[in-house]
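Here are the chains, one letter per residue:
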Amino acid sequence: MISDNTNASIDDKYQVEVGNWDKDGFIVLRGFFNQLETENVNQFIDNVWHSRAISQSPVTIDTYLESPKYKRILLSSASNEARLHPYKINDLFMEHAEIRRLILDERLRLILSRLLDGEPIVCNSLNFEFGSQQGNHCDTLYMPPRKRNKMLVSWIALDPVDANNGPVRYYPGSHKIPAYRFKNGKINAVASEMPEFDAYMRNQLDIRGISEQAFTAQRGDVLIWHAQLLHGGTPILDESRLRRSLVTHYFRKQDYLHHFLRIRKSETGGFYFRRKHPHVT
Ligand SMILES: O=C(O)CCC(=O)C(=O)O
């Protein structure tokens, strides 16, 4: 039983939502981070852009998402133009405490530990300014965990989000759909077989009567989803608006102890992987 006051109030506030995790495959933590915390991240991202050319940072960015111009490059070589189109900056958490502080926040870790049934460890983070605008997918297509169902994702709103600036869409309960097996027997995405994946998921949603929901949010709200939950990013209809967010994928630390040389402890007492940055294209 949790005795500490902070933990007890987290329990009071969020126990209902945590109770829905198994049924729905997601929970919502409204107003979890305050304005200062989210503004600090937005400021930090601005600074990362402004200082990129002199930073010699190994951090990478996926530019022109969902377009034929898509390319993964070093952030230090990204043009000003690239910032005006959907992009994601990969894995800032490996280099910067400003990101770790939020994604390994003590209260957040407590909730993630409950959902994972063990200590979380960050394996990847993504920073967006226009959302992902990505088609429907489950995150296990790209990074399946060693232990089935022991991976989850936190999505932190860094802007208010409504129907006009690209809310995340998601399908409650879709995490219960048995993972699609590609022809090689694995669940990792095979690009040429994604139409079959899409058809399988559409059929399963129909059978189960699951319909699409859009996640509208205030700055500081957190959506946590099960890595098997079907979701995607919607287009931004109002081109004058941003939709900044910080997305983090977590495994369960106890499933990766054999990678002990790469495990680091953060300033807040949480854990993350210190590995190589992704290759540029
Ligand atoms: O923020 C979004 O638009 C969706 C992000 C997403 O789908 C992901 O990171 O897996």
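You'll find the structure just up there.
For clarity, every value in this text was computed on a predicted model and none was experimentally measured. (Residues numbered from 1 in each chain as written. Predicted model: local features only at pLDDT ≥ 70, side-chain atom pairs only at ≥ 80, totals over all residues.)

## With respect to the environment of Lys71
Piece 1. Mapping Lys71 onto the fold places it in strand E3 (residues 71–74).
Piece 2. Non-local contacts of Lys71, meaning those with residues more than four positions away in its chain, are made with Thr63, Tyr64 and Thr281. (Helix = DSSP H or I, 4+ residues; strand = E, 2+ residues; numbered from the N terminus. Contact = placed C-beta atoms within 7 Å.)

## Looking at the sheet that holds strand E8 (residues 213–215)
Piece 1. The strand order E8-E7-E10 describes an open sheet built from three strands, whose pairing is antiparallel. Pairing within the sheet leaves two strands with one partner each, and these edge strands are E8 and strand E10 (231–233). Geometrically, the sheet is characterised by an average inter-axis angle of 30° between neighbouring strands, direction not taken into account. (Pairing = 2+ DSSP bridges. Axes fitted to C-alpha atoms, helices over the stretch in contact; angles between N-to-C directions.)

## Considerations on the nonpolar core
Side chains that are nonpolar tend, in soluble globular proteins, to be buried together.
Piece 1. In this structure, Leu152, Ile156, Ile224 and Trp225 are the most contacted members of the largest nonpolar core, which totals 54 residues.
Piece 2. When residues in this core are grouped by element, the largest group, six residues, is from strand E6 (residues 151–157). (Core = buried A, V, L, I, M, F, W, Y, C linked by C-beta atoms within 7 Å. Buried ≥ 20, exposed ≤ 12 C-beta atoms within 10 Å, placed from the backbone.)

## Notes on the site of the ligand
Piece 1. Taken together, the residues surrounding the ligand are Leu126, Phe128, Gly131, Ser132, Gln134, Asp139, Val168, His231, Gly232, Gly233, Ser245 and Val247.
Piece 2. For the shell around the ligand, the elements supplying multiple residues, two or more each, are strand E5 (120–128), E10 and strand E11 (245–252).
Piece 3. It is E10 that contributes the most residues to the shell around the ligand, three residues altogether.
Piece 4. Considering only residue class, the shell around the ligand consists of four nonpolar, seven polar and one charged. (Near = placed C-beta within 6 Å. Nonpolar A, V, L, I, M, F, W, Y, C, P; charged D, E, K, R; others polar.)

## Things to note about the pairing of E6
Piece 1. For E6, the tally of buried residues reaches seven of seven residues, placing the bulk of the element in the interior.
Piece 2. Burial along E6 is two-sided: Met151, Val153, Trp155 and Ala157 facing one way and Leu152, Ser154 and Ile156 facing the other are all buried.
Piece 3. Summarising the sheet, E6 and E11 pair through seven bridges and their orientation is antiparallel. Bridge pairing in E11 links Met151 to Phe251.
Piece 4. Looking at chain direction, E6 and strand E9 (residues 222–226) are connected through five bridges and run antiparallel. Bridge pairing links Ser154 to Ile224 in E9.

## Regarding the environment of Ser132
Piece 1. Secondary-structure assignment places Ser132 in the loop between E5 and E6.
Piece 2. Taking C-alpha positions, Ser132 is 16 Å from Ile45, a pair spaced 87 residues apart along the chain.
Piece 3. Those residues in contact with Ser132, other than ones at most four positions away along the chain, are Leu65, Lys88 and Gly233.

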